[in-house]
Amino acid sequence: YNNGILDFDVVEIADSACLGNTNIKNVYLSSYSKLRRIGDSAFNGCSSIEWVQMATSSLQQIGKYAFKGCNLLTTIKLPENVYSCSAYFVDGCTNLQTISVNGNNSYYTSIKGVLYNKAKTTLLRCPEGYTSTSFLSDNYPSSITTIGNYAFESCKNIESITIPYGVTSFGYGAFRYCTSLKFLKIPSSVNEFGDGAFVGVVNLEHLTVNIKTPPA
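Fair warning: this is a prediction, and the values are worked out from it, not measured in the lab.

Rules of the game
Going along each chain's sequence as written, the residues are numbered from 1 onward. Thresholds applied to this predicted model are a pLDDT of at least 70 for local features of residues and 80 or more for the giving and counting of side-chain atom pairs; totals over whole chains, interfaces and linings are not thresholded and use all residues. Water and hydrogen atoms were dropped before computing side-chain values, which therefore reflect all heavy atoms in the structure. By nonpolar core is meant a set of buried Ala, Val, Leu, Ile, Met, Phe, Trp, Tyr and Cys residues that side-chain atoms within 4.5 Å join together. Think of it in three bands: with a 1.4 Å probe and only protein chains considered, a residue is buried below 20% of the maximum accessible area for its type, exposed above 50%, and partly exposed in between. Runs of E in the DSSP output that reach at least two residues are strands. Runs of H or I that reach at least four are helices, and both are numbered from the N terminus. What makes two residues a contact is simply this: any of their non-hydrogen atoms within 4.5 Å. Whether two strands pair comes down to DSSP finding at least two bridges between them. Space inside and on the surface of the protein is sampled on a 1 Å grid over the protein atoms alone, with a cavity defined as a set of points where a 1.4 Å probe fits but cannot get out and a pocket as an open set with protein on both sides within 12 Å along at least 5 of 7 lines; lining residues have an atom within 4 Å of a point. Grid points are joined across faces, edges and corners, and a volume is the space filled by probe spheres set on the points. In this classification, Asp, Glu, Lys and Arg are treated as charged, Ala, Val, Leu, Ile, Met, Phe, Trp, Tyr, Cys and Pro as nonpolar, and every other residue, Gly included, as polar. One side-chain nitrogen of Lys or Arg within 4 Å of one carboxyl oxygen of Asp or Glu is enough to make a salt bridge. Two rings from Phe, Tyr or Trp (for Trp, the six-membered ring) form a pair when their centres are within 6.5 Å of each other. A pair whose planes differ by under 30 degrees is stacked, one over 60 is edge-to-face, and the rest are tilted.

A short note on the nonpolar core
Note on soluble globular proteins: their nonpolar side chains tend to be buried together.
Now for step 1: The biggest cluster of nonpolar side chains holds 31 residues, and the ones touching the most others in it are I38, F43, M54, F67, I76 and F89.
Now for step 2: Where this core is concerned, the elements lending two or more residues are β6 (75-78) and β8 (98-101).
Now for step 3: Filtering out sequence-adjacent residues up to four positions away, F89 remains in contact with I62, G63, Y65, A66, F67, K68, I76, L78, I99 and L115.
Now for step 4: Counting 26 residues, the second-largest nonpolar core is a separate cluster that includes I111, Y116, A174 and V190.

Here is the structure:
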């Protein structure tokens, strides 16, 4: 009770809780001190959302497609205690330029607006509205070994990608629907390609594989 008024504290935003609600313009969750989970498709299709604030230390899980199709979002930030976040939580956010992470998070990190695991071995998600037209070797941490499932999916601005030596695998659909991608370089260290890695890559002009020279 709060001054005689029954006061509930939200612990979870359920799966599909606000699915398709186009009246929501901002999501402010910082005041919910017991919020643990944002469910699958919780805000899927909420195409009027311009701003999301998840800065609550209690939040631990973000489900798949949680903010799918929130096309007006340009940035989103994971709070410090999130340990489970689907790489697909921002699918279809075509103007999302930056995914950032609280520096105290022990499970995820962000480099130049791109989401990685904390160890910086796996690129989990490049935002679909990534503004640069190239993603070259110096964009990656030196520890990178894996390009995750759907990591670059629908990054329609990127025209050139170079995978650095040391990467050994691509996940499912890693470059799916990168419709502007023209140049792709893959090193000899890669020995595993996920299914559908190049589905919808309709404008690829130059594919270079088995680049054998590791960095000096």
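Side note on the sheet that holds strand β11 (residues 122-125)
Now for step 1: Here 6 strands make up an open sheet; going across it, the order is β9-β10-β11-β13-β15-β17 and the pairing mixed. Both outer strands of the open sheet, β9 (108-111) and β17 (192-193), are each paired with one neighbouring strand and no more.
Now for step 2: When strand β10 (residues 114-117) meets β11, the two strands line up antiparallel, connected through 2 bridges. Residue pairing in the sheet places L115 in a bridge with R125 of β11.

Notes on the layout of surface pockets
Now for step 1: In this model, the largest pocket occupies a volume close to 180 Å³.
Now for step 2: Taken together, 15 residues form the lining of the largest pocket, with Q53, M54, A55, K77 and L78 sitting closest to its centre.
Now for step 3: Contributing elements (two or more residues each) for the lining of the largest pocket: β4 (51-53) and β6.
Now for step 4: The greatest single-element share of the lining of the largest pocket, amounting to 4 residues, is contributed by β6.
Now for step 5: When grouped by side-chain class, the residues that make up the lining of the largest pocket number 7 nonpolar, 6 polar and 2 charged.

Thoughts on the pattern of salt bridges
Now for step 1: Taken as a whole, this structure holds 7 salt bridges when the rule is applied.
Now for step 2: A salt bridge links R125 to E128, with the nearest nitrogen and oxygen atoms 2.9 Å apart. The two residues R125 and E128 agree in class, both being buried.
Now for step 3: Overlapping salt bridges, with partners in common, bring together E12, D15, R37, D40 and K64 in one network.

Observations concerning the environment of I158
Now for step 1: Residue position: I158 is located in the loop between β13 (146-147) and β14 (160-162).
Now for step 2: Along the primary structure I158 and P141 are separated by 17 residues, whereas in three dimensions their C-alpha atoms are 19 Å apart.
Now for step 3: If near-sequence neighbours (up to four positions away) are discounted, I158 is found in contact with C126, Y130, S132, T133, F135, F152, S180 and L181.

Examining the sheet that holds strand β3 (residues 37-38)
Now for step 1: The 4 strands lie next to each other as β1-β3-β5-β7, forming an open sheet whose pairing is parallel. Each edge of the open sheet carries a strand with a single partner, namely β1 (12-13) and β7 (84-85).

Overview of the packing of aromatic side chains
Now for step 1: If you walk through the whole model with that rule in mind, you get 13 aromatic pairs.
Now for step 2: Considering the side-chain rings of F135 and Y140, the 4.9 Å spacing of their centres and the 75 degrees angle between planes classify their relative orientation as edge-to-face.
Now for step 3: What makes F135 buried here is its relative accessible area of 1%.
Now for step 4: When its relative accessible area of 8% is taken as the criterion, Y140 is described as buried.
Now for step 5: Geometrically, the ring pair formed by F175 and F198 is stacked, given 5.7 Å between the ring centres and 10 degrees between the ring planes. Separated by 23 residues along the polypeptide, F175 in the loop between β15 (169-170) and β16 (183-187) and F198 in the loop between β17 and β18 (206-211) bring together distant segments of the chain.

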